[in-house]
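Listed below are the residues making up each chain.
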Amino acid sequence: DAGITQSPRHKVTETGTPVTLRCHQTENHRYMYWYRQDPGHGLRLIHYSYGVKDTDKGEVSDGYSVSRSKTEDFLLTLESATSSQTSVYFCAISDGLAGDTQYFGPGTRLTVL
Amino acid sequence: AQSVTQLGSHVSVSEGALVLLRCNYSSSVPPYLFWYVQYPNQGLQLLLKYTTGATLVKGINGFEAEFKKSETSFHLTKPSAHMSDAAEYFCAVGPNTGNQFYFGTGTSLTVIP
């Protein structure tokens, strides 16, 4: 298995509070991604990074920000959590080459009350 | 833009029966195609992928998929279902250029004893 960890694995928070999710990899892959998974929607890309300090938006980026200060760490921040952000969040990594596989972390289940 | 359609959000088969999960894609260029499996409360694991070459691709756990360019399809099959195959299955298209993977909405497979 690819060396990807996510923390925390579960979190319950209240509306309006900031939340930061962490993804850590030991594979030295260039690309890192944050997805959310919701019933009926599959996986939707939030943000991705193609290098240290290099990030770009995905299809559902509103309300989320990211940072990547080291190759191995990719942080996802909800500045002011809302109930619509209750979801399961997955981090993924890849080398970014054509045909390369994405490898996924175990996920973080976030509940916003 | 690329997109992926998985026909049937829920599929039930009897143990020992053929498993067929359907995936169609739209892509303006030859695609890279993936099938992932997700067991409850886990991340996604790669089952198999098509990049170039042989159009029949064999994966783990006895699964295989055939790339049919004329039908823009990449259906997943397994001759004989096992109870352990019960999971969520996702089809995905990988990037030729750019960095985004596109996922279908998933198919939940139930195996009936």
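My aim in this report is to walk through the structure given alongside it, one point at a time. (Residues numbered from 1 in each chain as written. Chains lettered and ligands numbered in written order. Predicted model: local features only at pLDDT ≥ 70, side-chain atom pairs only at ≥ 80, totals over all residues. Heavy atoms only, no water.)

Considering the overall build of chain A
Here is step 1: Along chain A, the regular secondary structure elements total 0 helices and 11 strands.
Here is step 2: Starting at the N terminus and ending at the C terminus, chain A contains elements arranged as β-β-β-β-β-β-β-β-β-β-β.
Here is step 3: The C-alpha atoms of chain A give 13 Å as radius of gyration, which agrees with the globular expectation for 113 residues (13 Å, within 12%).
Here is step 4: Counting only C-alpha atoms, chain A reaches 40 × 30 × 25 Å along its principal axes.
Here is step 5: Counting across all 113 residues of chain A, residues that qualify as buried make up 50%.
Here is step 6: At a minimum sequence separation of 6, the contacts of chain A that also span at least 24 residues come to 54%. (Helix = DSSP H or I, 4+ residues; strand = E, 2+ residues; numbered from the N terminus. Rg over C-alpha atoms; globule rule 2.2 N^0.38 Å. Buried < 20%, exposed > 50% of the residue type's maximum accessible area, 1.4 Å probe, protein only. Contact = heavy atoms within 4.5 Å.)

A few points about the pairing of strand β11 (residues 108-112) of chain A
All names here are of chain A.
Here is step 1: The two faces of β11 differ: Thr108, Leu110 and Val112 on one face are buried, but Arg109 and Thr111 on the other face are not.
Here is step 2: Direction of pairing for strand β2 (residues 10-13) relative to β11: parallel, over a ladder of 4 bridges. By the bridge assignment for β11, Thr13 is matched with Val112. (Pairing = 2+ DSSP bridges.)

With respect to the side chain of Asp38(A)
Here is step 1: With respect to the helices, strands and loops of the structure, Asp38(A) is situated in strand β4 (residues 31-38).
Here is step 2: Apart from the residues lying within four places of it in its own chain, the contact partners of Asp38(A) are Arg44(A), Thr86(A) and Ser87(A).

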